Amino acid sequence: MTAPLLPEPYITDDTVVFGLLALCLGFVFYTSSAKGGFWKKYYSIIPGVLMCYLLPGVLTSTGLIAPEWETLNEAGEVVKHESKVYYAASRYLLPAALVLMTLSIDLKAIANLGSKALILFLTGTAGIIIGGPIAILIVSIFSPETVGGNDFDAIWRGLSTIAGSWIGGSANQAAMLEVFQYNPKNYTSMVLIDVVVANIWMAILLLGVGKSKRIDKWLKSDTSAIERLKITVSEFSEKITRVPTIRDYVMMLFFAFTAMGISHFFGGHISTYLKTNVAAVADPTSFLSFIGSAFFWMVVIATIIGTLLSFTKAKNYEGAGASKIGGLFIYILVATIGMKMDLTRIAENPGLIAVGLVWISIHALLLILVAKLIRAPYFFLAVGSQANVGGAASAPVVAAEFHPSLTSVGVLLAVFGYVVGTGGALLCAYLMEIASTV
């Protein structure tokens, strides 16, 4: 019995899809700016950025658009199709956004935040590593067939791809699929868990942003360093704020997209060189395999270029709205991520969804425990978590929800996620294999 084809959406033209995503963003930003009435109350409960994820998800769930679909050709062979909107946003707009958002970075002020941000980031990583095997053990008590399987159909092999995604991002996810050779026919269910559970967790984190003062009070955290960073960046922005001209916009686009081109050019060449000449990088089972990813180098180079520009007069373009344009690019990326979420499939495989929910709960509980012990602000908990689970696409979004000046903290922590991704995912996979045989 062959698996059913992924349904073809009503709209397959990416230009129309992009227009619909822009419509979603416009609707959210227009309604969220309401001074009173229903929408003011609504957005006091549901963050606007969460709606930027959900509305494209609704379009996908209704079959209007889709991230991928399948058709049969004349020979009866399955032909896979994929929307390129997310690819364009992640490869073109993300590096441009990283440059514009780090243009005014204050490294000294970020260093003054202390070690708690890094501690919670590493705690989040540890939560993913131990959460996978514990989730398998817990679910196996009630439904052993859910976490069973033999050979290349073994569920732990599929879950290894989620570990890669939740620690190091899509590049490490692909590496885990190659290393453990999970049955490709069943891989869609793992992608479903990844997208659904990660977005549920991100929704919870975003809901917490509006209650961060109460959470910080419960954590007994010291937020003075964060407040100082906000003030420092805000005062600098106010000092250099001006009405932007066409020249300003062109120069900002010059910085953003020239850096994007440079990051792609050197990222691709570095990746190819390392894979060709360094055996450890070419070996997907090696801890060093993550540096063979062109996407990793693209993010790192774009971040380095933005940081270097922050030591020049280019930093003053923050006064013309550099980070705001970067934020616009990120919101477009958010909408393209949202279109990957088919809400109708949440109940498709409840057993595996349960594994994912238990897994992310362990990650969350460990973060809360450590944050309480070291009295770390909720900001560090939320961004440290998303630097793992969401990577460079989500961590800056969550950071910006606290304050635009904190975006660069999310960017830098996300880079750490790529560094520990492969090794952490491999360790998690081996622990899940052991848990599956207990």
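Preceding block: the structure.
This one's a predicted model, so the numbers in the text were calculated from it and none came from an experiment. (Residues numbered from 1 in each chain as written. Predicted model: local features only at pLDDT ≥ 70, side-chain atom pairs only at ≥ 80, totals over all residues. Heavy atoms only, no water.)

## Some points on the overall build of the protein
Looking only at helices and strands, the protein has 19 helices and two strands in total. Compactness check: the protein gives a C-alpha radius of gyration of 22 Å against a globular reference of 22 Å for 438 residues, within 12% of the reference. By its C-alpha atoms, the protein is 65 × 60 × 55 Å across when sized along the principal axes. Within the protein, the proportion of its 438 residues that are buried is 54%. Sequence separation of 24 or more characterises 81% of the internal contacts of the protein that already satisfy a separation of 6 or more. Accessible surface for the protein amounts to roughly 20,200 Å². Of this, 66% is attributable to carbon and sulfur atoms. For the protein, the separation between the mean place of its 28 positive charges and that of its 26 negative charges on side chains is 16 Å. (Helix = DSSP H or I, 4+ residues; strand = E, 2+ residues; numbered from the N terminus. Rg over C-alpha atoms; globule rule 2.2 N^0.38 Å. Buried < 20%, exposed > 50% of the residue type's maximum accessible area, 1.4 Å probe, protein only. Contact = heavy atoms within 4.5 Å. Areas by Shrake-Rupley, 256 points an atom, 1.4 Å probe, with all protein chains shown as cover. Lys, Arg positive; Asp, Glu negative; His and termini not counted. Charge placed at Lys NZ, Arg CZ, Asp CG, Glu CD.)

## Some words on the pattern of salt bridges
The full count for this structure, using the stated rule, is one salt bridge. Note that Asp248 is salt-bridged to Arg242, the shortest N-O span being 3.1 Å. Residue classification places Asp248 among the buried residues on the basis of a relative accessible area of 5%. (Salt bridge = Lys/Arg side-chain N within 4 Å of Asp/Glu carboxyl O.)

## Examining helix 6 (residues 116-142)
With 27 residues, helix 6 should reach 39 Å at 1.5 Å per residue; the first-to-last C-alpha distance of 37 Å fits that figure. By the largest-angle criterion, Gly131 marks the main kink of helix 6, which is about 35°, and a proline, Pro133, follows within four residues. (Expected span 1.5 Å × (residues − 1). Bend = angle between axes of the 7 residues up to and from the residue.)

## Observations regarding the state of the cysteines
The final tally for this structure, using the stated rule, is zero disulfides. In this model Cys24 remains outside any disulfide bridge; the closest cysteine sulfur is found in Cys52, 8.6 Å from its own. Residue Cys24 is classed as buried on the basis of its relative accessible area, which comes to 10%. (Disulfide = S-S within 2.5 Å.)

## With respect to the packing of aromatic side chains
One pass over the full model with this rule turns up 15 aromatic pairs. Among the aromatic side chains, those forming a connected cluster through ring pairs are Phe27, Phe38, Trp39, Tyr42 and Tyr43. Its guanidinium or amino end placed over the ring of Tyr317, Arg242 lies 5.3 Å from that ring's centre, counting from NZ or CZ. Seen from the ring of Trp218, Lys372 lies directly overhead, with NZ or CZ sitting 4.3 Å from the centre. (Phe/Tyr/Trp six-rings, centres within 6.5 Å; stacked < 30°, edge-to-face > 60°. Lys NZ or Arg CZ within 6 Å of the ring centre and 35° of its normal.)

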